[in-house]
Structure formats: structure tokens, C-alpha cells
Amino acid sequence: MAMAAAVLLAVAAVVMVEVAAAATYTVGAPAGLWDMQTDYAEWVKTKTFHPGDNITFTYSPELHDVVEVTEAGYDACSSANNISAFRTGNDVVALAAVGTRYFLCGLTGHCGNGMKIRVDVVAGGTAPGPAPAASSTTTAASPAVSGFGSGLLVAVVTAAFW
Ligand SMILES: [Cu+2]
């Protein structure tokens, strides 16, 4: 009975760590949002993105949109070969894997006026997922899932020794 309780406590602790490890960042906040005033190169300098984190683009869908592009698309401000597009005005993008992601506003002239952002996702200290190729999608499984699995195994093994 005591062992069962210990396992439950250990599992609860693992879950709390995993939840705390993932962060959601609103692009441009708090000084701005997804707009034509924010300096996104400066904004990303204040953040460190890890697999499992999310970024949210908040804007008026009549004024802007969000297009995920390749590095070449980012450099050229072209969404011709876009990876994905978002236009709800409250778009949550999962940063599932280590790698660099590129986003811009697809409306004419907006990217050229600075409405583009490069997000570097680096391995984290608590939940380092595997680092697949940069061609990750927003639907890829979160590394937090596998992290939880191994954490659970450790918890059970630890409890068995008590
Ligand atoms: Cu725009």
C-alpha cells in the first residue's frame, strides 16, 4: 500500500515537471503582438525555445496572417512554397522539435516591413527530445510524451526498491 502511494506521488511529480517544462509565448508580447511595429529579432533574443513549447500569433485576421516558410522563403519574404498557413488571429504553433522555424506575414509588403520571425528551438535541460530533421510539422508528436514514459519507468523502478 505504501509502495502504491509512493508510485502515485512519483508519477504526480513527473507530470508536474513535464507541465512546467513547456511554455507558451505570445509573439511580440508584452510590448507588442503580431504587428508591423515589433522588432522580432529583438523579441526572440529574450526567449529560449525548447521542444514542447508553443508560440501564439495574436492579430486581427483582417490585417495580417501567418505563413510558415523555409529559410529561403524567409530571406526572400516569399510565401510561394509555404510549409503551412494560419489565419485565425489566434494561432498556436507547437515547437515540437529542435530546429529553426521561419514565419512571416503573407500580406503584400508586411514581411518587407519587418513582419517576419525566426525561431530557434534548442534542446532543453529537462525534456531533451530527439532532434529529427528540420522538416518538422506542427502535428508531430511532442517529445514530452516519450519523456513522460521514461520518467514513469524511473518512478516505478525507484519505488520497487523501497
Ligand atoms: Cu501583416
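Note that the structure is a prediction, hence the values are computed from the model and not measured.

Reading guide: rules and limits
- Residues numbered from 1 in each chain as written.
- Predicted model: local features only at pLDDT ≥ 70, side-chain atom pairs only at ≥ 80, totals over all residues.
- Helix = DSSP H or I, 4+ residues; strand = E, 2+ residues; numbered from the N terminus.
- Buried ≥ 20, exposed ≤ 12 C-beta atoms within 10 Å, placed from the backbone.
- Contact = placed C-beta atoms within 7 Å.
- Pairing = 2+ DSSP bridges.
- Axes fitted to C-alpha atoms, helices over the stretch in contact; angles between N-to-C directions.
- Core = buried A, V, L, I, M, F, W, Y, C linked by C-beta atoms within 7 Å.
- Right-handed = clockwise from strand over helix to strand, strands pointing away.

J.: Please give an account of the overall build of the chain that cites residues and values.
T.: Across its full length, the chain carries 4 helices and 7 strands. Order of helices (α) and strands (β) in the chain, N terminus to C terminus: α-β-α-β-β-α-β-β-β-β-α. Counting across all 162 residues of the chain, residues that qualify as buried make up 28%. A sequence separation of at least 24 residues applies to 72% of the contacts in the chain between residues at least 6 apart.

J.: Break down the sheet that holds strand β4 (residues 84–86) for me, with residues and values.
T.: Hydrogen bonds between backbone atoms are what pair the strands of a sheet, whose relative direction is either parallel or antiparallel. Read across the open sheet, the 4 strands follow the order β4-β3-β6-β7; overall the sheet is antiparallel. In this open sheet, the two strands that pair with only one neighbour each are β4 and β7 (116–121). If you compare each strand with its neighbour and ignore which way they point, the axes differ by 25° on average. Pairing analysis gives 6 bridges linking strand β6 (residues 99–104) to β7, with the strands arranged antiparallel. Residue R101 lies in a different strand from β7, and its bridge partner there is V119.

J.: Go over unusual backbone geometry with me, naming the residues and quoting the values.
T.: Note: most residues except glycine have negative phi, and most peptide bonds are trans. A cis amide bond links A29 with the next residue in sequence, P30, at an omega value of 0°. Residue position: P30 is located in the loop between β1 (24–26) and α2 (40–45). Of note in this structure, C77 is not a glycine but carries a positive phi near 55°. On the secondary structure map, C77 appears in the loop between α3 (71–76) and β4.

J.: Break down the nonpolar core for me, citing the residues and quoting the values.
T.: If you look at the biggest cluster of nonpolar residues, it comprises 24 residues, and the most contacted ones within it are F57, V66, L95, F103, L104, V119 and V121. If you list the elements that add at least two residues to this core, you get β2 (53–58), β3 (66–69), β6 and β7.

J.: Any details on the sheet that holds β2? Residues and values, ideally.
T.: Spatially, β1-β2-β5 is the arrangement adopted by the 3 strands of the open sheet, whose pairing is mixed. The open sheet has two free edges, formed respectively by β1 and β5 (90–95), since each of these has just one partner strand. On average, each strand axis in the sheet is tilted by 20° relative to the strand beside it, whichever way the strands run.

J.: Tell me what's going on with the pairing of β2, and back it up with residues and numbers.
T.: Residues D53, I55 and F57 line the buried face of β2, whereas the alternating positions N54, T56 and T58 sit on a face that is not buried. Where β1 meets β2, 3 bridges bridge the pair, whose relative direction is parallel. Residue Y25 lies in a different strand from β2, and its bridge partner there is I55. Handedness of the β-α-β unit built from β1, α2 and β2 comes out right-handed. Of the strand pairs in this sheet, β2 and β5 are connected by 6 bridges, and their pairing is antiparallel. Note on β5: the bridge partner recorded for N54 is A94.

J.: Account for the environment of V66, naming residues and giving values.
T.: Here V66 shows up in strand β3. When the C-alpha atoms of V66 and D91 are compared, they prove to be 8.1 Å apart, with 25 residues separating the residues in sequence. Those residues in contact with V66 that sit more than four places away from it in its chain are W34, F57, F86, D91, F103 and C105.

Keep in mind that these numbers describe shape and distance, not what the molecule does.
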